[in-house]
Structures are given as structure tokens and as C-alpha cells.
Amino acid sequence: MIDIIKDLIFTSGLMNLTGGNLVMWLVAFVLLYLAIKKQYEPLLLLPIAFGILVVNLPLTFLMEPEHGLIWFFYKYGIDLDIIPPLIFLGLGAMIDFGPLIANPKTLLLGAGAQVGLYVTFFAAILFGFDLKEAGAIAIIGGADGPTTIYLGSKLAPHLLGATAVSAYAYMALVPIIQPPMMKLLTSDHERKIVMPKLRPISRLQKICFPIITAMIIMLVVPPAAPLISMLMLGNLFKESGVVERLSKTASNELMNIVTIFLGLSVGATMTAAVFLNPRVLFIFFLGLFAFVISTASGLLMAKFMNLFLKDKINPLIGAAGVSAVPMAARCVHKVGSEANRRNYLLMHAMGPNVAGVIGTVVAAAILLKNLG
Amino acid sequence: MPELTAPIAGNVWKILIAVGDKVELDDEVIILEALKMETPIYSDDSGTVTAIKVKEGDAVNDGDVLVVID
């Protein structure tokens, strides 16, 4: 009898807890609080937080290779690159590229903001990360969760948890991070610039855009294929208007399903051993740095373009090149309307915002090609 | 007859005035919701509201007439 009880005690997780596990419980509880009470990106943060919690309960073998439930989710979902492209399929079915098609110059703003990624890459090297790790950290500046996870799983899976949490946390904090940079780098006069109405886009243009863009990008940067093909297919579903069932499923049910597996798997990579490492603090710092520099480079690109333009663009929209859709566009609109009540920059800012999504994928593909 | 048109596409969230109200230039007259963000729309003109062409919950497009002010 005593033996049975002794056995029960020694095989229980309780006896095998480490101090690190307890710290991770605290991290999980904090994230659960942020997700549930403060509603910070709950769709991602809640499953991530729960994943962190369960993987730090010893002897569950949930992440045991070839055996663990969550290991299988991770292996087939993230490691084999299925989930991030499916998220892009859903994203494409929800994105409206209209403002970008109406004003193709904004593609340059989407590209300009990606400059921040490269600056962060070099900063990460200076902090002692190796090339692949630096790439996985730099992509945080792209403000795109699935791309961060996609690149992270290929270049530095041991940093995946930290980079993903950074990316989603800073995306939620865009309304706090961006305005100071916007006010620092633009003059009051520039912020007041009113932008003329966007020209209307024909259905034909909206259908051709995803097809042509997909072809061009895949021909020029083949490693971008998994993400770009799915993004543009989703958009084609939406814009063709003839597959509403597929479009609806992609943007609702499919998105929700993969989000569940994504959050849980990413969270479950954050064991105490992997996460409680001073380098993780560097990642959080560099992630913030990436967002700030990308905002700055987008703004500066807009100001640069204005030197050559007769009809000036409002440089604030450059900040929306940081592709946190639509948080950055909303933020630009707010700051713009504070300067000039008659300015409705939201749709203008959506141009660079969606261009930034494409820009981040291309940047990730380039990093992958050179570092992978 | 100055018509106040929607500067962006969105949904009519709140209508802050009624027919017959007097409004001044730059008064907040309608709040639209676009991309989950409240966007206040300001009057182009001073005068009296003679017609309100939308009701709360309507979806409007860029350029749709919202309010007529005389």
C-alpha cells in the first residue's frame, strides 16, 4: 500500500518541478491576464499562454518528439510549414489591396519600412546573436506574426517563442510606440497635408492584382512562394466574387482553426530551459527597436518621396508601412486627424499597410535565401 | 445645398444631430466606424440640417451623401 502511494508521489509532476518551471507559470499567468482581462490580442495570446503553462508541467511529455500531442501539432503545423501559409490564405481573403492599387507609389513605403528590419539585423549581430538568429529577430520589425513564426521556425526555432511573443506584443502596442516617432520625424505642417480621394478601382484591376503580383514575386524571389501564393490565392477568392463559400471559410473557420494550433504550438516551445535566458531580454529589446526603426524608415521614405512629388503625400502614412494591419493604419489616421480634423487618412494609410505585408514576406524570403 | 459626403467607406455608428438643428463649421455631426475605429465626421458648413440621408447601422461608401445642410 505504502509502495503505491510512494510510486504515485515520485512519478507525479510535482516532485520534478524546477524553479524555472515556476517562473514560467508566472509568465503564463501574466499573459493569460493580459489576454483575458486586458484583451491584448487574445486570439493568439490565450493559446500561447496556455501552451507555456502546460509545457512547464513536468513529465507530461506533451512536447516529447514522436509522442507528444502538442509536439505533433508543432511538427506538422509549424515545422512542416503548413500553418503560417494557411494563415496567409485567410489574411488574403480579408485584405483589401484597393488603396495600394489606387496609389502604387505606396508600395515604396511598404518597402521603406522594411529597411528597419535590416538595421535590426545588424544590431542583433552586435548583440552577439549569430546570423540565423539575427534574421529571426530582425523579422519582428515586419510586424507580421505568421511571417515571424515562419522564418523563426526555419532559422532559429529555439527563439521562436520569444520572437513570436515580441511580435504580437508590440503589434498590440503600436498605438503607443508609433505616435512619438511620428511626431518626432514630421513637422506640424507635413502632418496637416490633406490627401485627395483615392481613385476608384475596377473589379478587373482587383482580380489581376493578386495574380500578377504572385507571379512577379515568385519569379523574382522563389523562397517567398509558400506565403505569397497563399496570400494572393486568398485575395483572389475574395476579389473574384465567385467563390464566396471558400472566401468565407478561409477568413473565418480556417483562420480560427489554424490560430488555435498556432498559438498552442508556439507557446509550447517556451520551456523554462529555452526561455529563461538573458538573451531573451535582448530579443524583447531588439523587437521594440525593430518596430521603432521600421516606423522611422517608413516616415523618412515618405518624406524622401515628397521631394520628388508635385502632389505631396502626407508623410504620416509612411508609418503604416509597418504591417500591423490595421493597427498602424488606424494609428496614422488618429495622429493625422489630431493635426487636421478634415484629414481622413485611414484608407490612404491602408495602402502602405498592406504593401508592408508583401514587403515583409519578400524580406523574409531574402533572409531565408541568404541565411537558410 | 451643401451635401456632407462620407470621406471614407464604413458604417454609420452614431448620428449626433437631428433635422432642424443648427450646426457650425467643424461641428461633429456623425461618427462612422471603419476598420473597427470610430471616425468622427465634421460639418463642412454652418447652417441648419435639412435632411439626414442615413440611419445608424447603414453601410456607406466613399462619397455617399450623409447629411444636407442649408
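Only a predicted model underlies this, so the values are computations on that prediction, with no experimental measurement involved.

## Digging into helix H3 (residues 42-55) of chain A
Next, step 1: Helix length check: H3(A), at 14 residues, gives a terminal C-alpha distance of 19 Å against a target of 20 Å (1.5 Å per residue), a fit within 8%.
Next, step 2: Every buried residue of H3(A) is accounted for by A:Leu44, A:Leu45, A:Leu46, A:Pro47, A:Ile48, A:Ala49, A:Gly51, A:Ile52, A:Leu53 and A:Val55.

## Some remarks on the interface of chain A and chain B
Next, step 1: The interface of chain A with chain B comprises 10 residues on the first partner and nine residues on the second.
Next, step 2: Among the secondary structure elements, those contributing two or more residues to the side of chain A that touches chain B are helix H18 (327-339) and helix H19 (346-371) of chain A.
Next, step 3: The element best represented in the side of chain A that touches chain B is H18(A), accounting for three residues.

## Quick notes on the environment of A:Leu17
Next, step 1: Following the sequence through the fold, A:Leu17 ends up in the loop between helix H1 (2-10) and helix H2 (19-36).
Next, step 2: Distance in space between the C-alpha atoms of A:Leu17 and A:Asp130 is 32 Å, their sequence separation being 113 residues.

## Some thoughts on the sheet that holds strand E1 (residues 3-5) of chain B
Residue and element names in this part refer to chain B.
Next, step 1: The strand order E1-E8-E6-E3 describes an open sheet built from four strands, whose pairing is antiparallel. Since the sheet does not close on itself, it has two edges, and those belong to E1 and strand E3 (22-23), each with one partner.
Next, step 2: By the bridge criterion, three bridges tie strand E6 (residues 47-52) to strand E8 (residues 65-69) in an arrangement that is antiparallel. Opposite Ile-52, over in E8, you have Val-67 as the bridge partner.

## Observations concerning the pairing of strand E5 (residues 37-42) of chain B
All names here are of chain B.
Next, step 1: In the sheet, strand E4 (residues 28-34) pairs with E5 via six bridges, with the strands oriented antiparallel. Directly across from Ile-31, in E5, lies its bridge partner Pro-40.
Next, step 2: Counting the residues in the hairpin turn of E4 and E5 gives two residues, including Leu-35, whose phi is positive at 50°.

## Considering the packing of helix H7 (residues 106-126) of chain A against H19(A)
Residue and element names in this part refer to chain A.
Next, step 1: The interhelical angle for the contact between H7 and H19, taken along N-to-C directions, is 50°, at an axis separation of 7 Å. Taken together, the axes of H7 and H19 lie oblique to each other. Seen along the crossing, H7 lies across H19 with a hand that is right-handed. Contact residues: Thr-106, Leu-107, Leu-109, Gly-110, Ala-111, Ala-113, Gln-114 and Leu-117 in H7; Gly-351, Pro-352, Ala-355, Gly-356, Ile-358, Gly-359, Thr-360 and Ala-363 in H19.

Procedures and definitions
- Residues numbered from 1 in each chain as written.
- Chains lettered and ligands numbered in written order.
- Predicted model: local features only at pLDDT ≥ 70, side-chain atom pairs only at ≥ 80, totals over all residues.
- Helix = DSSP H or I, 4+ residues; strand = E, 2+ residues; numbered from the N terminus.
- Expected span 1.5 Å × (residues − 1).
- Buried ≥ 20, exposed ≤ 12 C-beta atoms within 10 Å, placed from the backbone.
- Contact = placed C-beta atoms within 7 Å.
- Pairing = 2+ DSSP bridges.
- Axes fitted to C-alpha atoms, helices over the stretch in contact; angles between N-to-C directions.
- Parallel < 35°, antiparallel > 145°, perpendicular 65-115°, else oblique.
- Left-handed = near helix turned anticlockwise from the far one by under 90°.

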